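Per-entry structural report
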Protein chains: 2
Amino acid sequence: MELDERKVTILKAIIKNYMDTGEPVGSRTISKYIDSKWSSATIRNEMSDLEEMGYIIQPHTSAGRIPSDKGYRFYVDQILQEKDSEVTEIQELMIQRVDRLELVLKQLAKLLAKDTNYAALISGPQYHRNKLKFIQLSKVDVHKLLIVTVVEGNLIKNSIVNIQEEISDEELLNLNILLNSSLNGLTIEEISLGVISRMKEQAGPHSQVVDLVLNEVADAIKVDEEDLQIYTSGATNIFKYPELSDNQKASQLLSTLEHTENLQELVDAVNENENENGIQVYIGDESPVKGMADCSVVTANYDLGDGIRGTIGIIGPKRMDYRKVLKTLRNLMTQLDATFKNDER
Amino acid sequence: MELDERKVTILKAIIKNYMDTGEPVGSRTISKYIDSKWSSATIRNEMSDLEEMGYIIQPHTSAGRIPSDKGYRFYVDQILQEKDSEVTEIQELMIQRVDRLELVLKQLAKLLAKDTNYAALISGPQYHRNKLKFIQLSKVDVHKLLIVTVVEGNLIKNSIVNIQEEISDEELLNLNILLNSSLNGLTIEEISLGVISRMKEQAGPHSQVVDLVLNEVADAIKVDEEDLQIYTSGATNIFKYPELSDNQKASQLLSTLEHTENLQELVDAVNENENENGIQVYIGDESPVKGMADCSVVTANYDLGDGIRGTIGIIGPKRMDYRKVLKTLRNLMTQLDATFKNDER
DNA sequence: TGTTAGCACTCAATGATGTCGAGTGCTAAT
DNA sequence: ATTAGCACTCGACATCATTGAGTGCTAACA
């Protein structure tokens, strides 16, 4: 069977109607909806065909039809092809003083959730190519040393360690020079035992401090790799959609959202099969995360240069307003790009 | 009327029973529960009295009784008086390498939620007495300066700023000395215009940098005051308690938990009327946050010295296992104390 | 041949009705 | 003062009929 123009019209009408109401839609409704070009009987016939073709589903005999995953997929693919010429302004997205990426991301998630009325998710940046850029030791106290490390992408880490022996200012200066000249520009993998033992030799009496520093360096960089930050917001929005908010499903979905390890999978999956413009739509079972089979997930990848990349996601009911979500996300991406490219952060 | 011994026994029995089952408890149940010292009829009479006195409530005629807020209050006050001699070990609470307070707090919240099966909340530290301890400027790039500030309590902040003019290593060293000698030991309030203009004079050509630094210092310290970090965990645990998990209530409670500004109120309130051992129990309407009228909230204040203080909270149904929660919290406090006092962080 | 009107059929949702049982309050007996 | 007994209440639950939205099929029509 062929998906002729009339079938497409009807399919679209069904999907749009269902998006509004969340209720199965019947033939008469559609007949009225499309200015009665065709009677309900005709629609019925077409709907029967559409069901056979797998685009719509009947929850039970004598109920209207609702779109199937395949139906949504068709609809979304159509939207994805549209060029969005008009750029809606999301003025609120003006990002204030960007000093701490974390804060911005959290606010962004909040904003997205509020804007779309769905749940939003945003992963903190993953840093690839982790080259060490700068190290600084400072004496904060007689027995306390402050270690500051800057990694490519201007990611800063610091920690305070206790030391036994005292170090003079001069010695500290030398150590700083030694550390920077030996380590700068290297990734963790490149900091080999050879490099280390050479440094220790040169550090002389303070080789113990070198050990401490290396620990902290390795630790600082590692931490951010293994437990990626993921922020969610607007999780409770799901209560706005009856088909998601029965106790069973709500509980499952919310707990999926609460445990970041699940979202981690999502972010990973998104990163793997990236498509051209970085935006991806998962409908129902297509989602890489199990607990979201009843939802749709729209994801986008942001890239702020310097190897700072992350993922943004919107999670809502299958009947989510794809057009709006896609537009919002596209918009956000451009804004992010603009802001961060200018700022040079 | 007097709360005689028998009434107390019966009241306790009702509360305990209700805690287990979550269902209204009737006179016969109680009669069996207390080894049939009294018949159900007697119990009925006493229950009638207890209801009149306001300790228990009948949801509807011909249902059993459930404890009222006043009833819970009585029960909790009794527990609060108990000395807890035996110290249960919560081995899992061993805190691993404590490098980032944030992470520890998050994990702590998770642990609490898992342990108690209620929702847990933990506020990041509020820093009182914000004395500046140490400043360090470093050149990361030709036009990029890294500013690291350490505040009393070893709270570290950093940021990277762009500068126009170039600064030589020597000038930077002098600036560092100037900044530290002028600012160390001062609070924000003490950094007056006088101090500032004097510094600028001495900084000579680089007075502009001084401005930048001051901005960052002020900003860094301010940020943590106005938007306090609050972590929650186990919010979905509330679905385990039918009396909280109907759609209406669950939605409200979850959204209250999601919006930190609400929790902020809680933390503030807790800080205001602190009682002797720092642990407090809010039952139902007693809670300072509106959205929690159907729950009980148990809070504790932690104090890690150096002016680092915060709040921990457990949120659960009114019939929560108060004894367990109180024990867990008390335990946690001692552990925190021990860990941080030793580590000197 | 494609479209439409009409009709019988299905089935979830709704509401009325009846039964059951847990629980109470009261009274009279102990 | 305590208890046994009894009538009464009321939510929970099951049953049943009703309703109405929706379908599929067939026959008539353009």
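Residues numbered from 1 in each chain as written. Chains lettered and ligands numbered in written order. Predicted model: local features only at pLDDT ≥ 70, side-chain atom pairs only at ≥ 80, totals over all residues. Heavy atoms only, no water.

Quick notes on the overall build of chain A
We apply this condition: By the criteria applied, helices consist of DSSP H or I runs no shorter than four residues and strands consist of E runs no shorter than two, each listed in order from the N terminus. Residue burial is assigned from relative accessible area. The probe radius is 1.4 Å, only protein chains are included, and a residue is buried under 20% of its type maximum, exposed over 50%, and partly exposed in between. Computed by Shrake-Rupley with a 1.4 Å probe, the accessible areas treat only the displayed protein chains as cover when residues are assessed.
Secondary structure summary: chain A contains 11 helices and 11 strands in total. Relative to its 345 residues, chain A shows a buried fraction of 51%. About 16400 Å² of surface is accessible on chain A, with carbon and sulfur atoms providing 47% of the total.

Side note on the protein's contact with DNA strand D
Operational definition: By convention in these notes, a residue is near a molecule or strand provided one of its non-hydrogen atoms lies within 4 Å of it. Each polar contact in these results corresponds to two N or O atoms within 3.5 Å; when the atoms are within protein, one needs to be able to donate a hydrogen and the other to accept it, and residues that are neighboring in sequence are counted only if both atoms are side-chain atoms. Each residue is assigned to one class: nonpolar for Ala, Val, Leu, Ile, Met, Phe, Trp, Tyr, Cys and Pro, charged for Asp, Glu, Lys and Arg, and polar for all the others, Gly among them.
Near DNA strand D there are 19 residues, and of these Ser27 of chain A together with Arg6, Thr42, Thr61 and Ser62 of chain B occur at the shortest range. Backbone atoms, meaning sugar and phosphate, make up 77% of the atoms of DNA strand D lying within 4 Å of the protein. A distance of 3.1 Å separates a base nitrogen of DNA strand D from a polar atom in the side chain of Arg44 of chain A. Between a phosphate oxygen of DNA strand D and a side-chain N or O atom of Thr61 of chain B, the distance comes to 3.2 Å. Among the secondary structure elements, those contributing two or more residues to the surface near DNA strand D are α3 (40–53) of chain A together with α3 (40–53) of chain B. Ranked by residues supplied to the surface near DNA strand D, first place goes to α3 of chain B with four residues. Of the residues assigned to the surface near DNA strand D, the class counts are four nonpolar, 11 polar and four charged.

Examining a negative patch on the surface
Residue and element names in this part refer to chain A. For clarity, the cut-off: Residues forming no salt bridge and having over 30% relative accessible area are the ones grouped into patches, like charges within 9 Å of each other and nonpolar side chains (Val, Leu, Ile, Met, Phe, Trp, Tyr) within 5 Å. Any Lys or Arg side-chain nitrogen located within 4 Å of an Asp or Glu carboxyl oxygen qualifies as a salt bridge. Lys and Arg are tallied as positive, Asp and Glu as negative. Neither His nor the chain termini are counted. For this purpose, a charge sits on NZ of Lys, CZ of Arg, CG of Asp or CD of Glu.
Residues Glu261, Glu265, Asp268 and Glu272 make up a contiguous surface patch of negative charge. Here Glu265 shows up in helix α10 (residues 260–272). A relative accessible area of 43% places Glu265 in the partly exposed class.

Examining the nonpolar core
Quick reminder of the rule: We call a set of buried residues a nonpolar core when its members are Ala, Val, Leu, Ile, Met, Phe, Trp, Tyr or Cys and they connect through side-chain atoms within 4.5 Å of each other. All the domain ranges listed were derived from an automatic or database domain assignment. By definition, residues are in contact when any of their heavy atoms lie within 4.5 Å.
Formed by 50 residues in total, the largest nonpolar core has its most connected members in Ile312 and Tyr322 of chain A. The element contributing the most residues to this core is helix α1 (residues 5–21) of chain A, with eight residues. A domain-level breakdown of this core finds at least three residues from each of domain 1 (5–67) and domain 2 (91–128 + 228–341) of chain A. In contact with Tyr322 of chain A, not counting residues within four places along its chain, are Met19, Tyr72, Tyr75, Val76, Ile79, Val281, Ile283 and Ser296 of chain A. Of all hydrophobic cores here, the second largest spans 49 residues; its members include Val25, Ile30, Val76 and Met320 of chain B.

What about the packing of aromatic side chains?
As a reminder of what qualifies: Aromatic contacts are taken between Phe, Tyr and Trp rings whose centres are within 6.5 Å, Trp giving its six-membered ring; a plane angle under 30 degrees counts as stacked, one over 60 as edge-to-face, and the others as tilted. In this scheme, Lys NZ or Arg CZ marks a charge over a ring once it lies within 6 Å of the ring centre and within 35 degrees of the ring normal.
For the structure shown, the criterion picks out seven aromatic pairs over all chains. Across from the ring centre of Trp38 of chain B, 5.4 Å away, lies the NZ or CZ of Arg6 of chain B, which sits over that ring.

Section: the protein's contact with DNA strand C
Around DNA strand C, 20 residues are found, and the nearest of them are Arg6, Thr42, Thr61 and Ser62 of chain A together with Ser27 of chain B. Among all atoms of DNA strand C positioned within 4 Å of the protein, those belonging to sugar or phosphate total 75%. Arg6 of chain A places a polar side-chain atom, nitrogen or oxygen, 2.9 Å from a phosphate oxygen of DNA strand C. In this structure, Thr61 of chain A approaches DNA strand C through a side-chain N or O atom, which is 3.1 Å from a phosphate oxygen.

Concerning unusual backbone geometry
Residues and elements named next belong to chain A. Here the phi dihedral of Ser62 falls at roughly 65°; this positive angle occurs in a residue that is not glycine. Among the secondary structure elements, Ser62 is positioned in the loop between β1 (56–57) and β2 (66–67). You can call Ser62 exposed: its relative accessible area is 70%.

Describing α3 of chain A
Residues and elements named next belong to chain A. How we decide: Multiplying 1.5 Å by the residue count of a helix minus one yields the expected span of that helix. The arc in question is formed by the directions pointing from the helix axis toward the C-beta atoms.
Helix length check: α3 (14 residues) gives 19 Å between terminal C-alpha atoms against 20 Å at 1.5 Å per residue, within 8%. The set of residues buried in α3 consists of Ser40, Ile43, Glu46, Met47, Leu50 and Met53. For α3, the angular spread of buried residues about the axis comes to 130°, placing them on one side. For α3, exposure combined with an orientation more than 90 degrees from the buried face picks out Asn45 and Glu52. The elements touched by buried residues of α3 are α1, α2 (27–33), β1 and α4 (69–81). Sitting at the head of α3, Ser39 places a side-chain oxygen 3.2 Å from the backbone nitrogen of Ala41. Positive phi shows up at Gly54, right after α3, with a value of about 95°.

Some points on the confidence of the model for chain A
Here is the rule we go by: Scored between 0 and 100, pLDDT is the confidence that the predictor attaches to each residue.
On average, residues of chain A score 83 in pLDDT, and 85% of them reach the 70 mark or higher. Below a pLDDT of 50 lies the segment residues 85–99 of chain A, which in the model reaches 25 contacts outside its immediate sequence neighbourhood of four places, other chains included.

Some thoughts on the pairing of strand β3 (residues 119–123) of chain A
Residues and elements named next belong to chain A. Applied cut-off: The pairing criterion for strands is at least two bridges between them, as found by DSSP.
With respect to burial, β3 is a largely interior element, five of its five residues being buried. Residue alternation in β3 divides its side chains into two sets, Ala119, Leu121 and Ser123 and Ala120 and Ile122, and both sets are buried. As paired elements, β3 and strand β8 (residues 230–233) share four bridges and run antiparallel to each other. What sits directly across from Ile122, in β8, is Tyr231.

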